[in-house]
Structure formats: C-alpha cells, structure tokens
Amino acid sequence: MAYQALYRKYRPKTFSDVKGQEAIVTTLKNQLQADRVGHAYLFCGTRGTGKTTVAKILAKAMNCENLTEDGPCGECSRCQSIEDGSSMNVVEIDGASNNGVADVRQIVDEVGYAPIDGGRKVYIIDEAHMLTENAFNALLKTLEEPPSYLTFILATTDPQKIIPTIQSRCQRYDFKRISVQTITDRLQELLDKEGVKAEARALNYIARVADGALRDALSLLEECISYYFKEELTFDKVLNVVGSVDQTVYHTMTQAMIEGEVTRVVGTVDELVSGGRDLTQFAKEYIWYLRNLLMVKSAKDVEQLIDLSDENIDILRGYASKLEEEQIIRYIHVMSRLVADMRHSANRRVEFEIALVRLCHPQMERDYDSLVDRMKGMERDLEKLQDRLEAGVYATAAPAAAPVAAEGAAVTTPPPAPKKVLPEAVPEEVKEIASQWKHVEQTVLAKGHGMIGVNLEGVVLTVDDSGALVLGFREPVALRYFRDYKENLETLQEIIGEATGKQVRLVVKDISDARERVAIEDLREMFKNIPIEEED
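How each quantity is defined
- Numbering of residues begins from 1 in every chain and follows the order in which that chain's sequence is written.
- At least 70 in pLDDT is required for a residue's local features to be given in this predicted model, at least 80 for side-chain atom pairs to be given and counted, and no such filter applies to totals for whole chains, interfaces and linings, which use all residues.
- Water and hydrogen atoms play no part in the side-chain values, which are based on all heavy atoms of the structure.
- Pairing between strands is defined by DSSP: at least two bridges between the two strands are required.
- Secondary structure elements follow DSSP: runs of H or I no shorter than four residues count as helices, runs of E no shorter than two count as strands, and numbering proceeds from the N terminus.
- Axes here refer to lines fitted to C-alpha atoms; in helices the fit is confined to the stretch in contact. Angles between the N-to-C directions go from 0 to 180 degrees.
- Note on definitions: a residue-residue contact is assigned when non-hydrogen atoms from the two residues lie within 4.5 Å.
- Only rings of Phe, Tyr and Trp enter the pairing, Trp through its six-membered ring, and a pair is recorded when the two centres are within 6.5 Å. The plane angle decides the type: under 30 degrees is stacked, over 60 is edge-to-face, the rest tilted.
- Think of it in three bands: with a 1.4 Å probe and only protein chains considered, a residue is buried below 20% of the maximum accessible area for its type, exposed above 50%, and partly exposed in between.
- Charge-over-ring contacts are defined here by two conditions on Lys NZ or Arg CZ: a distance within 6 Å of the ring centre and an angle within 35 degrees of the ring normal.
- Buried Ala, Val, Leu, Ile, Met, Phe, Trp, Tyr and Cys residues form a nonpolar core when they are joined through side-chain atoms within 4.5 Å.
- Every angle not falling under 35 degrees, over 145, or within 65 to 115 is termed oblique; those three ranges are roughly parallel, roughly antiparallel and roughly perpendicular.
- Should the near helix be turned anticlockwise from the far one by less than a right angle, the crossing is termed left-handed; should it be turned clockwise, right-handed.
- Three residue categories are used. Nonpolar comprises Ala, Val, Leu, Ile, Met, Phe, Trp, Tyr, Cys and Pro, charged comprises Asp, Glu, Lys and Arg, and polar comprises the others, including Gly.
- For every residue, the predictor reports its confidence as pLDDT, a number between 0 and 100.

Looking at this structure, I do not really get the sheet that holds strand S1 (residues 40-45). What am I missing?
Sheet strands pair by backbone hydrogen bonding; their relative direction is either parallel or antiparallel. Strand order in the open sheet formed by 5 strands is S2-S3-S4-S1-S5, with parallel pairing between adjacent strands. Every interior strand has two partners, whereas the edge strands, strand S2 (90-94) and strand S5 (171-175), have only one. Recorded for the sheet is a direction-independent mean angle of 15 degrees between the axes of neighbouring strands. Its contacts with the sheet put helix H6 (residues 133-144) on S1, strand S3 (121-126) and strand S4 (150-156), and the angle it makes with S4 is roughly 135 degrees.

Below is the structure:
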C-alpha cells in the first residue's frame, strides 16, 4: 500500500475521532438522531481545525444504511463508495478553482436529479469564500428552495466574504482553534500507534507552533519523524527542525533591550543565524512571547490565557515588572512591522538588526510609544544613579558646618520665607495664558522639569465654567502622570504662576474618547495663528 501522510492516515472517520470541536459534533449527532438534518451548513474556522473532515463525516452519516450513535458505520456500501470517491451522492467541489457563474449553474442543473440509490445528495464546497458574487447569486435560489434530498455544506476560512443572503440561509458553525493540550494528547496517541517515542515537552512545542491547527501539527510531527528516523524526538531536535529557539533566548534578548545593550542583542542574532535558525519564524515567535508578557502585565487569572508552566509564567512576571504596558505594545508593533517588511526584503538579517536597534534606542523614533520608552529609560538611569549614591560610590561634599552659637545661646533656624500669594486669574486671563502656552513650556524646560514638558506634548487646553484651565490628555501615560501624581500638577501650577503672575486652577481631563475630543474647545487651536511676542 502506498505511503500516506499522517494527517491523511489518521483522518477522523467518526464523530468521536474529531478532537476539539465537541459542541459542533454533539449538535450534528443530535440532528442525525432526531432526523432534523438541515439543507445548508456553513462551516467557518482557521485551517486545520476539522471543517472538511466533519463535512465528510456528516455526508457519510446522511447516507449511511446503518447509522450509529457515533455517526456513519463505515462498512455499508454507501459509506465505502463515499470513502473511495465513487459515490454519486456526495460531490466535493473546490471553490477556489470552480468559482464562476458557469460552475454554479452546472451544480444547479445537477441537483434536480434525485440520488440513484436513495440517501441524500450532498455538495461540499471547500474554500467557499472564493466564489464570486454572481456565483453566489446563482446559487441563492437553490439554497432558498432546495429539494428534500439535497444538502449543501460550505466550508470557509473567511466567512466575511460570503454574502449575507447566503449566510442567512445556512446553519453556521464556527470551528475554534484546538487547544495545545488537545493537540498534544492527539499527537501522543498517534505516536503510540506508530511506535515512535517522543518527549512530552517536544510534542507540546509542536502543538504550540501549530497555533490551533491539528493538521499543521501532524505535518510538522511527520517532518520531525522523517528527519530523526528511528530516533526519539526530543525538545532540542524539534527546535532544530522547526528553526526555533528556546524561551531562554527570548528572556536574554528582552533583558538586553531593556538595558539598551545593542552588542548583546546583535550578538544573539549572530548566534541564531549561525545555528541555522529562521529569523522570520523567530520574529513571529518573539511577538507571541511579547504577547504573553503583556497578558502577565495586564490580565488577571493569566494561567487561563497562557499555555506555559507555572515556572515559566513566574519568569515572565519578573521581566514584565521591568516594563510598562506601553513599552511592550511598542515592541509588538515594531516586531509586527518587521515581519511584514522581511517578506519583501533582500537582506532579512539587516532588517532584523535594524528593528532590534530601534527597540534598544527609542530616541531614534519620534512616535508616542518611543517617547514612553525613553521616559522609562530615564527613570531606570535615575534609579541606578540613586542606588550608587546610596552605596557611597560617589563622594559627596562634606556638609556645611553648623553655626556655632555663643555659650549658653540657643541656635535658631530662620523660618522659611512665606510664599507669595498670587491673584487668581479670571477666565479671560486664563484664555490669554492658553494663547501664550509656548512661554509656559519654555519655562518648564528652563527650570529643569523635562518630564513635565514631555508629558505636556499634545495637551489640549480649554477653560471650564468655573474659570479653571482644563488640561485634556488623549494618551493614558500623560494623563496618569498628572492625575495620579498630584505633586506634578502642583509643580506645573507653580511654574505657571511664576511665568504669569497669576494663580491658575488646573483640572485634568481624559479625552482619549473621540467624542470627548470633538466636544472640547481647544484654545491652542484658536490662538495658534496669533504671533507670540518674544521676550527681550
């Protein structure tokens, strides 16, 4: 007998063999038992999740002479003829190559003939989204008023392309991605039948790379078995075949990027290339690693969202604590753009290294995410400096000698000078201050408050009914900087007072919602064409 690929050899023959789609399978079995089979089905889902397989099992069950609780018997003449492709009752059509009006009209002409040996006539149209709109319209009348013996099963990976009038006439079933554990168990079951030994860790990794597609997992498993023929499959061997790397490489590279060490990051790339790793595959998997970091940082009950051991999740928590959510999102955006650019790049390694240098040095970019990354870098540098000062690395100047009082005289410290009370600005004066906001920003920077100046970039200014100056922020980091840390807002208020001679009440407002931005009157826009007089 000719050799068969694993995904064909172990293709499910009954409903119980279908893994990971229990809800769909149970519904179809109940319909068969109650003789309530529909005339049109729409099976949706990503590749390798069982759409066509379930369609064939359902078609067999509709025609089976000895239907069981688990679906078709597989032994009667109808089941055998459907299995070998000689049955006239079940017709499989590739929607990608038979997608025109003429192809559909031929189907419509054929459905008028009843099945020769009884049973039901079933048309399985794979990749149904490839049919043209005119082809769908030609099929519409038949779907609306089908003969009693006819059933259509449309399978697609892109249901959005199927016109609504077709979808509304079908029972829709969404095939979900199969879990890592379910795929791992299935791979182990098949390897036991094949007499091949494999580490559980290796099978788990294959399942994760398959990304919910059991067929992809079987194809990858077969590749690994062929490469290491008659050998036990280990985790390292699978990594070698897939061209992937271990989690420790992601940890090392993330730490190097946090610290801005370009040499270590580029050195890691050199090791990957020397080891024959696929940089595109590495970039895709690193995006998934960053996604896990983001989940650990921002989600509760993360164990339900990440298919990793508790030990690895704890390691991720350690790295996530060193990053803000905005930084992780920036890393994901840069790596996602990299994957897209590498498809058309003549030198993938150079593209890869440029992207990593950007991640190490956010000052090379001017977007908001890079700005947040730069701020975090400054904070880390300040923390390091403070630690070294506390450790006594830097010599500090000796404190000034305390004034020596005459014998018997008490030493008194002069009281601090009282703060000057400024007159409160009226609404018209607040508007004038907004129009001269450039001077406020210059004063902020001149006084060494760079972080305040950075977070004021893009602020929207307006005046509320009480005469307070409203600072509108669309970015969450800048909003939290002033809203959650009142000392920053008070410092800004003092600077405005020094620059204008007026006491201005400040109010922080969240305008991240587009409707909020439309409703607010931006005074900076109103006054942007008014020339600002330069100080002498």
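Where do I start with the packing of aromatic side chains in this structure?
How two aromatic rings sit relative to each other is given by the distance of their centres and the angle of their planes. Here the structure, examined in full by the defined rule, presents 15 aromatic pairs. A ring pair is formed by Tyr123 and Phe152, whose centres lie 5.6 Å apart and whose planes are at 25 degrees; its orientation type is stacked. Of this pair, Tyr123 sits in strand S3 while Phe152 is found in strand S4, placing the two residues 29 residues apart along the sequence. The same class applies to Tyr123 and to Phe152, which are both buried. The side chain of Arg201 reaches across the aromatic face of Phe235, ending 3.8 Å from its centre. Between the NZ or CZ atom of Arg291 and the centre of the ring of Trp288, over which it lies, the distance is 4.7 Å.

Is there a simple way to explain the nonpolar core in this structure?
Within soluble globular proteins, side chains that are nonpolar tend to cluster in buried spots. Ranked by size, the top nonpolar core spans 39 residues in total, and within it Leu290, Leu293, Met335, Phe352 and Leu356 carry the most contacts. For this core, the elements supplying multiple residues, two or more each, are helix H12 (247-258), helix H13 (262-274), helix H14 (279-298), helix H15 (310-320), helix H16 (325-342) and helix H17 (348-360). The dominant element in this core, judged by the number of residues it contributes, is H14, at 11 residues. The contacts of Met335, once residues within four sequence positions are left out, are Ala283, Tyr286, Ile287, Leu290, Phe352, Leu356 and Leu359.

It is not clear to me how the packing of H13 against H17 should be interpreted in this structure. Could you clarify?
When two helices pack together, their arrangement is given by the angle between the helix axes and the distance between those axes. Viewed as axis vectors pointing N to C, H13 and H17 meet at an angle of 155 degrees, and their least axial separation amounts to 10 Å. Our classification of the angle between H13 and H17 gives roughly antiparallel. In the packing of H13 onto H17, the handedness of the crossing is right-handed. In contact with Val262, Val265, Val266, Val269, Asp270 and Val273 of H13, H17 contributes Arg349, Phe352, Glu353, Leu356, Val357 and Cys360. Looking at the contact of H13 with H17 residue by residue, the classes come out as 9 nonpolar, no polar and 3 charged.

In this structure, what is going on with the sheet that holds strand S6 (residues 460-463)? I would like to understand it.
If you trace the 3 strands from one edge of the open sheet to the other, you get S6-S7-S8, paired in mixed fashion. Every interior strand has two partners, whereas the edge strands, S6 and strand S8 (506-510), have only one. Pairs of neighbouring strands in the sheet enclose a mean axial angle of 30 degrees, with direction left out of account. Relative to strand S7 (residues 469-473), S6 runs antiparallel, the two sharing 4 bridges.

Would you mind going over the confidence of the model for the protein with me for this structure?
It should be kept in mind that the predicted coordinates are not to be read in detail where pLDDT is low. Per-residue confidence for the protein gives a mean pLDDT of 82, with 83% of residues at or over 70. Confidence over residues 393-402 falls short of pLDDT 50; this stretch has 4 contacts with residues more than four positions distant or in other chains. Every residue in residues 527-536 scores below 50 in pLDDT, and together they form 8 contacts with partners more than four places removed in sequence or on other chains.

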